[in-house]
Amino acid sequence: MITEERAFYILQLEQTASAEEIVARYENLKDQYRRIKDETEDLRTRLAYQLKQIELDDVFIYFRRKQRI
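Residues numbered from 1 in each chain as written. Predicted model: local features only at pLDDT ≥ 70, side-chain atom pairs only at ≥ 80, totals over all residues. Heavy atoms only, no water.

(A) Spatial organisation of the overall build of the protein chain. For the protein chain, the helix and strand inventory stands at three helices and zero strands. When its helices and strands are written in sequence order, the protein chain yields α-α-α. Expressed along its principal axes, the backbone C-alpha trace of the protein chain runs to roughly 35 × 25 × 15 Å. For the protein chain, the residues scored as buried account for 26% of the 69 residues in total. The contacts of the protein chain with a sequence gap of at least 6 include a subset with a gap of at least 24, amounting to 52%. (Helix = DSSP H or I, 4+ residues; strand = E, 2+ residues; numbered from the N terminus. Buried < 20%, exposed > 50% of the residue type's maximum accessible area, 1.4 Å probe, protein only. Contact = heavy atoms within 4.5 Å.)

(B) View of helix α2 (residues 19-39). Taking 1.5 Å per residue as the helical rise, α2 with its 21 residues ought to reach 30 Å, and the 30 Å between its terminal C-alpha atoms agrees with that figure. On its buried face, α2 sits against α1 (4-11) and α3 (43-65). (Expected span 1.5 Å × (residues − 1).)

(C) Just the packing of aromatic side chains, in detail. Inspection of the entire model under this criterion finds four aromatic pairs. A ring pair is formed by Tyr62 and Phe63, whose centres lie 5.5 Å apart and whose planes are at 70 degrees; its orientation type is edge-to-face. The same class applies to Tyr62 and to Phe63, which are both buried. Ring-pair connections join several aromatic residues into one group, and the members of that group are Phe8, Tyr62 and Phe63. (Phe/Tyr/Trp six-rings, centres within 6.5 Å; stacked < 30°, edge-to-face > 60°.)

(D) Spatial organisation of the environment of Gln53. Of note, Gln53 is situated in helix α3. On a C-alpha basis, the gap between Gln53 and Asp31 in space is 9.1 Å, while along the polypeptide they are 22 residues apart. When near neighbours in sequence (up to four residues on either side) are disregarded, Gln53 contacts Lys30, Tyr33, Arg34 and Lys37.

(E) Examining the packing of α2 against α3 more closely. For the pair α2 and α3, interaxial distance at closest approach is 9 Å and the crossing angle is 165 degrees. Relative to α3, the element α2 lies roughly antiparallel. When the axes of α2 and α3 are compared, the crossing they make is left-handed. Judged by residue contacts, Ile22, Tyr26, Leu29, Lys30, Tyr33, Arg34, Ile36, Lys37 and Asp38 of α2 engage Arg46, Tyr49, Gln50, Lys52, Gln53, Leu56, Asp57, Phe60 and Phe63 from α3. (Axes fitted to C-alpha atoms, helices over the stretch in contact; angles between N-to-C directions. Parallel < 35°, antiparallel > 145°, perpendicular 65-115°, else oblique. Left-handed = near helix turned anticlockwise from the far one by under 90°.)

The following block contains the structure:
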């Protein structure tokens, strides 16, 4: 279960971040993780970054439900 504290930790943001900062950080990390996942040949690394992408999506959903974004 994602908590607000955990969500901000995953995004590496302060809890005072604005909705725009949250969305921008989400998109930036999502693109970065996708690029790393796509460029690597190592299956373990691919899976790890796929899990990170899922975790980011969970954070995004959490903030949408809490109407932060």
